[in-house]
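Summary of structural features
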Amino acid sequence: MRRLLVLTALAAALTAGAQQRIVRLWNNASAPHDNGLRGGERVEEDRLFNTTEAVLYVYAADPARATGQAAVVCPGGGYRFLSIGGDGHAVGRWLAEHGVTAAVLKYRLPNGRCEVPLEDTEAALRYLRRTAPDFRADSAQVGIVGCSAGGHLAASAATMLPEEVRPAFAVLIYPVITAEPGKCHKGSFDHLLGTDRTAGDEAQWSLQNRVTASTPPALLLAADDDRSVPPVNSVLFYAALKRHGIPASLRIYPSGGHGGALDPAHIYRAQWRADILDWLAMLAHEDQKPLSLYLFLIGINQKQKEYIIAIYQCFTLFFKTDDEFLFSLNRVNFVTLFATILLL
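Since the structure is predicted, the reported quantities are computational estimates derived from the model, not experimental observations.

1. Looking at helix 4 (residues 149-160)
Compared with an ideal rise of 1.5 Å per residue, which puts twelve residues at 16 Å, helix 4 spans 16 Å between its outermost C-alpha atoms and is within 8% of the ideal. Most of helix 4 sits out of view: twelve of its twelve residues are buried. Within helix 4, burial applies to Ala149, Gly150, Gly151, His152, Leu153, Ala154, Ala155, Ser156, Ala157, Ala158, Thr159 and Met160. Looking at the buried side of helix 4, the elements it contacts are strand 5 (70-74), helix 3 (115-131), strand 8 (142-147), strand 9 (170-173), helix 5 (186-193) and helix 7 (232-243).

Here it is in structure tokens:
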């Protein structure tokens, strides 16, 4: 009976829904720079055109699964529009369901004024870091997620913003990185920098050139058959990270094309989801590494792993000590034993 009650409580916690908060950051009249667009914003299916106001849609993490992490989510759209549905809200909801508070950013399109989306992203990161405790998140674990041109924006934040504002981590999904001819998504740079851009402009916004030792860790996901944004973009950024000793992981899948974000209807996207969660879990709780390794070695499946990690996190609320290293192994051994008994 006790086992049934524990499992029922865990199942209820794992299916809790995210709550949304809408935060208006600023518009062309109040922001540091104006993108020059006029007229109303236009919606076509899940795409937004002519955006002139920066807005955050915050999805709070499921409290039962909260990892302490939060992330700004930057939709793609080639800097011509925002794929706010698939690349934005769908990603945000999914992250929140898995314990990561997500702030989906409706940023102002650049219209050739490259500083505009980045200053919106900086404002979003500052807001989310300031309010992280409201969402049971750690202000030191505020990262960024971006798809396609949103991946370029996320990588720009990771490499170009002041160090105190930069995200703690970056998840870059089929990202635009470079303006090099033959490797770039030309349309993204036409809209970001204008068609009259110089070679110097292109070099400055080719983000493999902006990586330094202070760039945060990154996970890059791409498909080998992506004909819109060649996967060499991800390779260039990964290579730059490794040259500077930055922890990073690159996953290039055999197929999957471009777009679709994390929609499981697209091939390999279920694996993309699993890889993102595993990578974020590695960052979130360093003292969970012995547990994760043990679970991997004994062949625990994903659902069982979720139950065990949930139990583990519940126990860590009670077992606190100033000497985390001394206590961590005892916690792992005790919780693993308890969870294994439940699964028998």
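2. Re the confidence of the model for the protein chain
Overall, the predicted model of the protein chain reaches an average pLDDT of 83, with 77% of residues at or above 70. Ignoring residues within four places in sequence, the model shows residues 1-17, a span with pLDDT below 50, making 16 contacts including any to other chains. In the model, residues 287-298 has pLDDT below 50 throughout and makes 19 contacts with residues more than four positions away in sequence or in other chains.

3. Things to note about the packing of aromatic side chains
Within the structure shown, the criterion is met by five aromatic pairs. Aromatic side chains phenylalanine 169 and tryptophan 279 sit 6.4 Å apart centroid to centroid with 80 degrees between the ring planes, which places their arrangement in the edge-to-face category. A residue pair is termed long-range when its members are at least 10 positions apart, and phenylalanine 169 in the loop between helix 4 and strand 9 and tryptophan 279 in helix 8 (residues 269-284) qualify at 110 residues. As far as the burial class goes, phenylalanine 169 and tryptophan 279 line up, both buried. Centre to centre, the rings of tyrosine 253 and tyrosine 268 are 5.9 Å apart; their planes meet at 35 degrees, and the pair counts as tilted. Of this pair, tyrosine 253 sits in strand 11 (residues 248-253) while tyrosine 268 sits in the loop between strand 11 and helix 8, and the two are 15 residues apart along the sequence. Aromatic ring contacts, followed pair by pair, group Tyr174, Tyr253, Tyr268 and Trp272 into a single cluster. Across from the ring centre of phenylalanine 49, 4.5 Å away, lies the NZ or CZ of arginine 42, which sits over that ring. If you follow arginine 269 out to its NZ or CZ, it ends over the ring of tryptophan 272, 4.0 Å from the centre.

4. Section: the side chain of lysine 106
Its location among the elements puts lysine 106 in strand 7 (residues 101-106). Under the relative-accessibility criterion, lysine 106 is labelled buried at 5%. At 2.9 Å, the side chain of lysine 106 forms a polar contact with the side chain of glutamate 41. Setting aside its immediate chain neighbours within four residues, lysine 106 contacts Glu41, Leu48, Thr51, Glu53, Ala54, Val55, Tyr57, Leu82 and Ile84.

5. A short note on the sheet that holds strand 1 (residues 20-27)
The mixed open sheet is built from eight strands, whose spatial order is 1-4-7-5-8-9-10-11. Edge positions in the sheet fall to strand 1 and strand 11, since each has one partner strand and no second. Each strand of the sheet is rotated relative to its neighbour by a mean of 15 degrees, with strand direction disregarded. Relative to strand 10 (residues 218-223), strand 9 runs parallel, the two sharing four bridges. For alanine 170, the partnering residue across the bridge sits in strand 10 and is alanine 218. Across the sheet, helix 3 lies against strand 1, strand 4 (53-59), strand 5, strand 7 and strand 8, angled at about 135 degrees from strand 1, the strand it touches most.

6. Details of the nonpolar core
Residues Leu95, Val171, Ile173, Phe237 and Ile276 are the most contacted members of the largest nonpolar core, which totals 84 residues. Examining the composition of this core, we find that seven residues originate from one element, helix 4, more than from any other. Excluding anything up to four places from it in sequence, phenylalanine 237 contacts Ala155, Thr159, Leu172, Ile177, Leu207, Gln208, Val211, Ala218 and Leu220.

Here is what the cut-offs are and how they apply
- Every chain's residues receive numbers from 1 upward, in the order its sequence appears when written.
- Side-chain atom pairs in this predicted model are given and counted only at pLDDT of 80 or more, local residue features only at pLDDT of at least 70, and totals for whole chains, interfaces and linings cover all residues.
- Side-chain measures here rest on the full set of heavy atoms in the structure, leaving out hydrogens and waters.
- Secondary structure elements follow DSSP: runs of H or I no shorter than four residues count as helices, runs of E no shorter than two count as strands, and numbering proceeds from the N terminus.
- Expected span of a helix, by definition, is 1.5 Å for each gap between consecutive residues, and there is one gap fewer than residues.
- Summary of the burial criterion: residues with accessible area below 20% of their type's maximum are buried, those above 50% are exposed, and those between are partly exposed, where the area comes from a 1.4 Å probe applied to protein chains only.
- Note on contacts: a residue pair qualifies if any of its non-hydrogen atoms lie within 4.5 Å across the two residues.
- A residue's pLDDT is simply how confident the predictor is in it, with values from 0 to 100.
- Stacked, edge-to-face and tilted are the three classes for Phe, Tyr and Trp ring pairs, Trp counted by its six-membered ring, which pair at centre distances within 6.5 Å; planes under 30 degrees apart are stacked, over 60 edge-to-face, the rest tilted.
- Counted as over-ring charges are cases with an Arg CZ or a Lys NZ within 6 Å of the ring centre that also lie within 35 degrees of the ring normal.
- In protein, a polar contact means a hydrogen-donor-capable atom and an acceptor-capable atom, both N or O and within 3.5 Å, with residues adjacent in sequence counting only if both atoms are side-chain atoms; elsewhere, any N or O pair within 3.5 Å suffices.
- In this analysis, strands are considered paired if DSSP registers two or more bridges between them.
- Axis angles are defined between N-to-C directions and span 0 to 180 degrees, where every axis is a line fitted to C-alpha atoms and, for a helix, only to the segment in contact.
- Definition of nonpolar core: a set of buried residues of the types Ala, Val, Leu, Ile, Met, Phe, Trp, Tyr and Cys, connected through side-chain atoms within 4.5 Å.

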